[in-house]
Amino acid sequence: MAAVTKGDIRYTLNDYKQWEGDWELIEGVPFAMAPSPMFDHQFINGKIYRQLDEALDGCDRCQALFEIDWVVSEETVVRPDSVVICYEPEDLLTKKPEIIFEVVSKSTVRKDENVKFRLYEEEGVEYYVLVYPDLKKAKLYRLVDYRYRKVGDFSEESYMFELENCKIDFDFGFIWKRKKR
């Protein structure tokens, strides 16, 4: 049953579990997700996940995951595009990821740059990366003193993500490359 706050309906995890289709729930407010991401979104997210997964082959504590629900609270469930976690999850993620990548589209830009930015910052996600396929650019943020600080814009450069248990040398140029036909 949904909780009611200040006259506004606030939905909960129990409501979320009953919905058909793809949704995110942020602070009790439902957000419909696109039926299926476009080709560029899926292609780039696949390249991100692939690179993260391969970089973590030697790390026995951390793993990359692709489009999985993270239950933040009873009123917040999000589905980041790619994440790195450094714990063994149950069916759903219930602890924060260390790294989150979001592939930004015209329909998600406001949510990714504002709502999710604030949420991930408040939850203590160490790295947040916004990837812009149209610009072939990624904006990388790192949590410093409980606030995101921009590390930089990346197109062809590499960046070393330093986690407590492992390091990931990530080549941003790799995510834009396509095979020649």
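Residues numbered from 1 in each chain as written. Predicted model: local features only at pLDDT ≥ 70, side-chain atom pairs only at ≥ 80, totals over all residues. Heavy atoms only, no water.

What follows deals with the nonpolar core. In terms of nonpolar packing, the biggest core is built from 27 residues, with F101, V131, F161 and F172 touching the most fellow members. For this core, the elements supplying multiple residues, two or more each, are α2 (39–55), β9 (99–103), β10 (127–132), β11 (137–144), β13 (158–162) and β14 (167–171). With 20 residues, the next largest nonpolar core counts L65, V104, Y120 and Y128 among its residues. (Core = buried A, V, L, I, M, F, W, Y, C linked by side-chain atoms within 4.5 Å. Buried < 20%, exposed > 50% of the residue type's maximum accessible area, 1.4 Å probe, protein only. Helix = DSSP H or I, 4+ residues; strand = E, 2+ residues; numbered from the N terminus.)

Take R147: it is sitting in strand β12 (residues 147–154). Residues R147 and M38, 109 residues apart in the sequence, show an inter-C-alpha distance of 32 Å. Leaving out residues up to four positions away in the same chain, R147 has contacts with E121 and R142. (Contact = heavy atoms within 4.5 Å.)

It is worth spelling out the pattern of salt bridges at this point. A complete count under the given rule lists 14 salt bridges for this structure. Its salt-bridge partner being R147, residue E121 comes within 3.8 Å of it at the nearest N-O pair. Linking E121 in helix α3 (residues 109–123) with R147 in strand β12, this pair joins segments that are 26 residues apart in sequence. Of the charged contacts, one joins E126 and R142 as a salt bridge, the two residues approaching to 2.9 Å between their closest N and O atoms. (Salt bridge = Lys/Arg side-chain N within 4 Å of Asp/Glu carboxyl O.)

Turning to its location among the elements, D145 is positioned in the loop between β11 and β12. Taking the relative accessible area as the measure of exposure, D145 reaches 65% and is therefore exposed. C-alpha of D145 to C-alpha of R50: the two residues are 95 residues apart in sequence and 31 Å apart in space.

Our focus in this paragraph is the state of the cysteines. Counted by the stated rule, this structure contains one disulfide. Disulfide pairing places C62 opposite C86 at an S-S distance of 2.1 Å. Judged by the torsion about the S-S bond (105 degrees), the C62/C86 disulfide is right-handed. Of this pair, C62 sits in the loop between α2 and β5 (63–66) while C86 is found in the loop between β8 (82–85) and β9, placing the two residues 24 residues apart along the sequence. With respect to class, C62 is no different from C86; both count as buried. Here C59 stays unpaired: no disulfide links it, and the sulfur of C166, its closest cysteine neighbor, is 3.2 Å away. Residue C59 is classed as buried on the basis of its relative accessible area, which comes to 12%. (Disulfide = S-S within 2.5 Å.)

The sheet built from six strands is open, its strands ordered β5-β8-β9-β10-β11-β12 with mixed pairing. Of all the strands in the sheet, just β5 and β12 have a single pairing partner and so form its edges. Between one strand axis and the next, the sheet turns through 20 degrees on average, direction left out of account. Looking at chain direction, β5 and β8 are connected through four bridges and run antiparallel. Each bridged residue has a counterpart across the sheet, and for F66 the counterpart in β8 is S82. Here α2 sits on the sheet and contacts β5, β8, β9 and β10; the angle it forms with β5, its principal contact strand, is near 165 degrees. (Pairing = 2+ DSSP bridges. Axes fitted to C-alpha atoms, helices over the stretch in contact; angles between N-to-C directions.)

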